[in-house]
Amino acid sequence: MSVMNPAPTPPDADLVARALRGDGDAFDVLVRRYYRAAFAVAVGVLVNRHDAEDVCQDSFVKALDRLEDCRDPSRFVQWLMMIVRNRALSHRSYRKVRETLELLPELAEAPDSPFADTARSELADTLEKALATLNVTQREIVLLHDMEGWNHKEIADKLDMTEVRSRQHLFVARKRLRETLGITLWREYSHD
Amino acid sequence: MTDHSEFSGVDLSGLDPTLPAEAFDRRIGGIHFAASQILQRRSRGRDAFDLVTRWRAPLMAALLLLMLASAAVFRSVEVETGADYLATGEVADVSNDISSATALMTSTDGSSIDALLGGFAQ
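Residues numbered from 1 in each chain as written. Chains lettered and ligands numbered in written order. Predicted model: local features only at pLDDT ≥ 70, side-chain atom pairs only at ≥ 80, totals over all residues. Heavy atoms only, no water.

**Topic: the overall build of chain B**
For step 1, the next point in the chain: Looking only at helices and strands, chain B has five helices and zero strands in total.
For step 2, the next point in the chain: Order of helices (α) and strands (β) in chain B, N terminus to C terminus: α-α-α-α-α.
For step 3, the next point in the chain: For chain B, buried positions account for 18% of its 122 residues.
For step 4, the next point in the chain: When the accessible area of chain B is evaluated, it comes to approximately 9000 Å², of which 65% is carbon and sulfur surface. (Helix = DSSP H or I, 4+ residues; strand = E, 2+ residues; numbered from the N terminus. Buried < 20%, exposed > 50% of the residue type's maximum accessible area, 1.4 Å probe, protein only. Areas by Shrake-Rupley, 256 points an atom, 1.4 Å probe, with all protein chains shown as cover.)

And the structure:
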């Protein structure tokens, strides 16, 4: 049985109203509150944490610019997720073109990236490869559930699906991740 | 929450973008910097320029429609009257009348009321 997490304080609607008046602190709270969720959706589409971070930054700025379009501020997160998903899809299309033209530079860790640390970066690479074996919905759900801590009721509400569907996706995603990560780890140890 | 029917959760903290906290704070700072102009604009309140900017697309569309409608009306009038000869003739008549009335009103002979009442009769 899923239990909804307590409503965040201050409520999103209040923060949105304040951000509409140019309150930077309110905007900061919204960004910190939903950064991981936005990242989960972006990684779900892009399967690349660096691109996902760029898309997150871009999406939050875009959301602030278009905040009047958020007709129901209490459902800010649903509206934000839509923006993130659309921008991630656009980014993916752009990336495909860029890769075709072979203009993609060597992926280097940006100095301000949370993944700049080598050990952490390797672990993130391994997880990223494992996530690549899932489909977009499975990636979103496993990240929102296991990284962000959303329950099935919240995922169902915010991704517009049933709780049963969310559970099914999570079950399959975890099974596949365990299989993939197990193989990866076995290969690493087999070299010793 | 416990889901006995599912595999236990996978540790995805290696992908958590909010860790380490210092790097995340820098990232948030970057977002805030990128959004600073929008926040400034919002704290300033909406001015006429913002409204025009926001509504420029519908305004341009309305203007285009108005131009097309005007062109259509003008063309139909032109077809009905034959040519623009009459239109220019009428404009010339009105222009002459205005010139006469102005001359009378500025002249020292008679009052302005006389000019208004009798000006066009002359």
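**A few points about the overall build of chain A**
For step 1, the next point in the chain: Helix and strand content of chain A: eight helices and zero strands.
For step 2, the next point in the chain: The helix and strand sequence of chain A, counted from the amino end, reads α-α-α-α-α-α-α-α.
For step 3, the next point in the chain: Within the span of chain A, comprising 192 residues, buried residues form 47% of the whole.
For step 4, the next point in the chain: In chain A, the share of contacts with a sequence separation of at least 24, taken over all contacts with a separation of at least 6, comes to 66%. (Contact = heavy atoms within 4.5 Å.)

**Digging into the nonpolar core**
For step 1, the next point in the chain: Counting 62 residues, the largest nonpolar core has Phe60(A), Phe76(A), Val142(A) and Leu143(A) as its most contacted members.
For step 2, the next point in the chain: No other element matches the 15 residues that helix H2 (residues 24–46) of chain A contributes to this core.
For step 3, the next point in the chain: Those residues in contact with Leu143(A) that lie beyond four places of it in its chain are Ala40(A), Val43(A), Gly44(A), Leu131(A), Glu148(A), Leu12(B) and Leu15(B). (Core = buried A, V, L, I, M, F, W, Y, C linked by side-chain atoms within 4.5 Å.)

**Considerations on the packing of H2(A) against helix H3 (residues 49–65) of chain A**
Residue and element names in this part refer to chain A.
For step 1, the next point in the chain: At their nearest, the axes of H2 and H3 sit 8 Å apart, and the two run at 135 degrees to each other. By the angle between their directions, the pair H2 and H3 is classed as oblique. Crossing of H2 against H3: the hand is right-handed. Contacts from Phe27, Leu30, Val31, Tyr34, Tyr35, Ala38, Phe39, Ala42, Val43 and Leu46 of H2 reach H3 at Arg49, Asp51, Ala52, Glu53, Val55, Cys56, Phe60 and Leu64. (Axes fitted to C-alpha atoms, helices over the stretch in contact; angles between N-to-C directions. Parallel < 35°, antiparallel > 145°, perpendicular 65-115°, else oblique. Left-handed = near helix turned anticlockwise from the far one by under 90°.)

**Here we look at the packing of aromatic side chains**
All names here are of chain A.
For step 1, the next point in the chain: Taken as a whole and assessed by the stated rule, the structure comprises four aromatic pairs over all chains.
For step 2, the next point in the chain: Their ring planes at 5 degrees and their centres at 6.1 Å tell us that Tyr35 and Phe60 sit as a pair that is stacked. Within this pair, whereas Tyr35 is found in helix H2, its partner Phe60 is found in helix H3, the two being separated by 25 residues in sequence.
For step 3, the next point in the chain: Taking the relative accessible area as the measure of exposure, Tyr35 reaches 0% and is therefore buried.
For step 4, the next point in the chain: Residue classification places Phe60 among the buried residues on the basis of a relative accessible area of 2%.
For step 5, the next point in the chain: Judged by centre distance (6.0 Å) and plane angle (45 degrees), the rings of Phe76 and Trp79 are tilted. Of the two residues, Phe76 and Trp79 both sit in helix H4 (residues 76–100), three residues apart, roughly one turn of that helix. The residues Phe76 and Trp79 share a single accessibility class, namely buried. (Phe/Tyr/Trp six-rings, centres within 6.5 Å; stacked < 30°, edge-to-face > 60°.)

**A short note on the pattern of salt bridges**
For step 1, the next point in the chain: Tallied over the full model, the rule gives 15 salt bridges over all chains.
For step 2, the next point in the chain: A salt bridge links Asp65(A) to Arg41(B); its shortest N-O distance comes to 3.2 Å. Residue Asp65(A) is located in helix H3, and its partner Arg41(B) is located in helix H1 (residues 21–44); the two belong to separate chains.
For step 3, the next point in the chain: Looking at Asp65(A), the relative accessible area reads 28%, which means it is partly exposed.
For step 4, the next point in the chain: Its salt-bridge partner being Arg42(B), residue Glu68(A) comes within 2.8 Å of it at the nearest N-O pair. In this pair, Glu68(A) sits in the loop between H3 and H4 while Arg42(B) sits in helix H1, so the two residues belong to two different chains.
For step 5, the next point in the chain: A relative accessible area of 26% places Glu68(A) in the partly exposed class.
For step 6, the next point in the chain: Given the relative accessible area of 8%, Arg42(B) is considered buried.
For step 7, the next point in the chain: Connected through salt bridges with shared partners, the residues Arg36(A), Glu148(A) and Asp16(B) form a single ionic network. (Salt bridge = Lys/Arg side-chain N within 4 Å of Asp/Glu carboxyl O.)

**As for a nonpolar patch on the surface**
Residues and elements named next belong to chain B.
For step 1, the next point in the chain: A contiguous nonpolar patch, built from Met60, Leu63, Leu66 and Met67 and spanning about 450 Å² of accessible area, is present on the exposed surface.
For step 2, the next point in the chain: On the secondary structure map, Met60 appears in helix H3 (residues 56–81).
For step 3, the next point in the chain: For Met60, a relative accessible area of 56% puts it in the exposed group. (Patch = residues over 30% accessible without salt bridge, like charges linked within 9 Å, V, L, I, M, F, W, Y side chains within 5 Å.)

**Digging into the packing of helix H6 (residues 136–146) of chain A against helix H7 (residues 152–159) of chain A**
Residues and elements named next belong to chain A.
For step 1, the next point in the chain: Contact geometry of H6 with H7 gives a least axis separation of 10 Å together with a crossing angle of 135 degrees. Between H6 and H7, the crossing angle belongs to the class labelled oblique. Between H6 and H7 the crossing geometry is right-handed. Residues Glu140, Ile141, Leu144 and His145 of H6 form the contact with H7, whose own contacting residues are His152, Ile155 and Leu159.
For step 2, the next point in the chain: Of the residues assigned to the contact of H6 with H7, the class counts are four nonpolar, two polar and one charged. (Nonpolar A, V, L, I, M, F, W, Y, C, P; charged D, E, K, R; others polar.)

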